[in-house]
Amino acid sequence: MVVLGTTPADIADAAHRLRNGALVSFPTETVYGLGADAVNELALARIFQAKGRPADHPLIVHLSDARQIQDWARDIPDAAWQVARVFWPGPLTLILKRAPHVSDRVTGAQDTVGLRVPDHAVALALLREFGGGIAAPSANRFGRVSPTRAEHVIAALGTALDAVIDGGPTPVGLESTILDLSGTQPRVLRPGTITPAALAVVLGRPLASNTTSPLPRVPGNMPAHYAPATELQLAEATHWDAQVRRFVALSQPRAVLSLHAPPEDLPKHCHWIQMSEDPREYARALYARLHDVDRWRCDTTLIELPADTSAWEAVRDRLRRAAAGAHDHAGTA
Ligand code: TXA
Ligand code: MG
């Protein structure tokens, strides 16, 4: 495994590797992706192997330009062009009906395909140099916290991949919003920093509620996902004071993620991480902090939930999934 920089020579090297069927991790504005040539069956198979991901979980195809939608999708609704014009490049994935040639490995054998144009100079340079679509899930082991820095990728996947382009920390920090435009009504399958309200304005219609129909094959939709190895407990702000007092009094090594400053008498065995009160800042930092508490081998981490408002929807979604997933990993990490 080699670590590449972001010079034109590095980008050319990475694109060359992709053409030869290699796995190359690269930064996007959301998280680092684990990229492979989206028309190379063997390279696609290696993604699933490297991540330990079940074969029926579909992959997002990354493109350099919205016009390439036509190479991957059919029956493209006007709505797709409308949101692409406004939000691409950006942290939005569109689910559309797939074009006939798209690999079952990409689609999870469904009739749809996920497409996105990322808003990151390095990702775009790589996509332009490569020319075709790059299939890329988040570059973590299946079910674990997504990487927002090259060192997270190396720690999680190391020898399972061929190269990582180190483009520094990713600016958004949470995975893209997934908008399904393949059905009769637009629907958000995974919340992200582009909100349903912002999408509804551009689409000129409200979105279908996501709570009514269970969505198979969207790992981000499984309750246990995005999980660190440390056990996580969540506390609503209303219960915070009492809960945190009890929590820090216990003696095992532990961590707290709070929107507040630490108490003056904080015990030494307790790491206190003060998170930003700004949802964007919070999102940018969250996964790096969860990777930190894993590295510190804390027993348990208590997290103060931010307010239940639309600005915090994506953050609260990932915190809930991380807490559910951490339970499942207990003892197996
Ligand atoms: O921000 C992101 O979206 C990052 C960066 C690397 O682009 N990628 C990412 O990929 O989060 P991944 O594979 O970790 O999550 C993609 C999600 C999965 O939950 C997958 O099931 C869903 O997108 N997905 C992909 N294609 C789909 C499809 N055709 N129908 C429904 N869900 C789909
Ligand atoms: Mg993922």
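This text follows the structure it describes.
Since the model is a prediction, treat every value here as computed from it, not as a measurement. Residue positions are counted from 1 within each chain, in the order its sequence is given. Here chains are named by letter from A upward and ligands by number from 1 upward, in the order in which they appear as written. Predicted model: local features are reported for residues with pLDDT of at least 70 only, side-chain atom pairs are reported and counted for 80 or more only, and whole-chain, interface and lining totals are derived from all residues. Calculation of side-chain values draws on the structure's entire complement of heavy atoms; hydrogens and water are dropped beforehand.

Draft legend 1. Broad picture of the overall build of the protein chain. Under the scheme used here, helices are H or I runs from DSSP no shorter than 4 residues and strands are E runs no shorter than 2 residues, and both carry numbers assigned from the N terminus. Within the protein chain, the secondary structure is distributed over 11 helices and 14 strands. Put simply, the radius of gyration uses C-alpha atoms, and a globule should come to 2.2 Å times the residue count raised to 0.38. For the protein chain, whose C-alpha radius of gyration is 20 Å, the value lies close to the compact-globule estimate of 20 Å for 333 residues. For the protein chain, the C-alpha atoms occupy an extent of roughly 60 × 45 × 30 Å along the three principal directions. Summary of the burial criterion: residues with accessible area below 20% of their type's maximum are buried, those above 50% are exposed, and those between are partly exposed, where the area comes from a 1.4 Å probe applied to protein chains only. Here the protein chain, with 333 residues, has 53% of them falling under the buried criterion. Counting only contacts in the protein chain whose residues sit at least 6 apart along the sequence, the fraction spanning at least 24 positions is 67%. About 14,200 Å² of surface is accessible on the protein chain, with carbon and sulfur atoms providing 51% of the total. Charged side chains in the protein chain number 33 positive and 35 negative. The centres of these two groups are separated by 3 Å. Two residues form a contact once any of their heavy atoms are found within 4.5 Å. Here the accessible surface of atoms and residues is derived via Shrake-Rupley with a 1.4 Å probe, and residues count as covered only by protein chains that are part of the display. Under this rule, positive means Lys or Arg and negative means Asp or Glu; His and the chain ends count for nothing. Taken as the charge centre is NZ of Lys, CZ of Arg, CG of Asp or CD of Glu, depending on the residue.

Draft legend 2. Examining the pairing of strand β2 (residues 24-27) more closely. Side chains V24 and F26 of β2 all project onto a buried face; the interleaved residues S25 and P27 project onto the opposite face, where all are buried too. Pairing geometry for β2 and strand β3 (residues 32-37), over four bridges, is antiparallel. Residue pairing for β3: V24 is matched across the bridge by G35. Taken together, β2 and the strand that follows it, β3, pair antiparallel across an intervening segment of four residues. Strands are treated as partners if at least two bridges between them are detected by DSSP. Inspection of the sheet shows β2 paired to strand β8 (residues 163-165) by two bridges, in the parallel sense. Across the sheet, V24 pairs through a bridge with A163, a residue of β8.

Draft legend 3. Region of interest: the nonpolar core. As used in this record, nonpolar core signifies buried Ala, Val, Leu, Ile, Met, Phe, Trp, Tyr and Cys residues forming a set joined through side-chain atoms within 4.5 Å. Formed by 46 residues in total, the largest nonpolar core has its most connected members in V83, L92, L94, L115, L179 and L199. At the level of elements, β3, α2 (41-51), α3 (69-72), α4 (78-87), β5 (92-97), β6 (112-116), α7 (150-157) and α8 (196-203) are the ones that each hand at least two residues to this core. Sequence-distant contacts of L92, defined by excluding residues within four places in its chain, comprise V83, F87, L115, R116, S176, T177, L179, I194 and L199. Within the second largest apolar cluster, 24 residues are counted, among which are V31, A255, L257 and A283.

Draft legend 4. View of the sheet that holds β5. A sheet is described by the order of its strands in space; here 10 strands give the open sequence β1-β8-β2-β3-β7-β4-β6-β5-β9-β10, paired in mixed fashion. With one partner strand each, in any of the chains shown, β1 (2-4) and β10 (187-190) form the two edges of the open sheet. By the bridge criterion, two bridges tie β3 to strand β7 (residues 134-135) in an arrangement that is antiparallel. Looking across to β7, one finds that A36 is bridged to A135. Strands β3 and β7 of the sheet are contacted by α2, whose axis makes an angle of about 145° with β3. A fitted line through C-alpha atoms represents every axis, and for helices the fit uses only the stretch in contact; the resulting angles, taken between N-to-C directions, go from 0 to 180 degrees.

Draft legend 5. Examining the pairing of β10 more closely. Across three bridges, the pairing between strand β9 (residues 177-180) and β10 is antiparallel. If you follow I178 over to β10, its bridge partner there is R190. The antiparallel pairing of β9 with β10 creates a hairpin that spans six residues between the two strands.

Draft legend 6. Examining the side chain of H152 more closely. The residue H152 is located in helix α7 in this model. Judged by its relative accessible area of 9%, H152 is buried. A distance of 3.1 Å separates a polar side-chain atom of H152 from the backbone nitrogen of T148. Sequence-distant contacts of H152, that is, excluding residues within four places in its chain, are made with P147, A288 and H291. The definition of a polar contact used here is a pair of N or O atoms within 3.5 Å, where within protein one atom must be able to donate a hydrogen and the other to accept one, and adjacent residues in sequence count solely through side-chain atom pairs.

Draft legend 7. Just the environment of A66, in detail. Turning to its location among the elements, A66 is positioned in the loop between β4 (60-62) and α3. A residue is classified by how much of its surface remains accessible, and A66, at 22% relative accessible area, is partly exposed. Separated by 201 residues in the primary sequence, A66 and P267 have C-alpha atoms spaced 53 Å apart. Ignoring any residue separated from it by four or fewer positions in sequence, one finds A66 in contact with W81, A84, W88 and V117.

Draft legend 8. Structural detail: the packing of helix α1 (residues 8-19) against helix α6 (residues 121-130). At a closest axis distance of 9 Å, the pairing of α1 and α6 adopts a crossing angle of 55°. It follows that α1 is oblique to α6 by the angle criterion. For the pair α1 and α6, the crossing hand works out as right-handed. The segment α1 lies against α6, with I11, A12, A14, A15, L18 and R19 engaging V122, A125, L126, E129 and F130. Throughout, the ten residues Ala, Val, Leu, Ile, Met, Phe, Trp, Tyr, Cys and Pro are labelled nonpolar, Asp, Glu, Lys and Arg are labelled charged, and all others, Gly among them, are labelled polar. Each residue belonging to the contact of α1 with α6 can be placed in one class, and the counts come to nine nonpolar, no polar and two charged. Geometric relationships in this document are graded by angle, where less than 35 degrees denotes roughly parallel, more than 145 denotes roughly antiparallel, 65 to 115 denotes roughly perpendicular, and other angles denote oblique. Left-handed is the label given to a crossing in which the near helix is rotated counterclockwise from the far helix by less than a right angle, and right-handed is the label when the rotation is clockwise.

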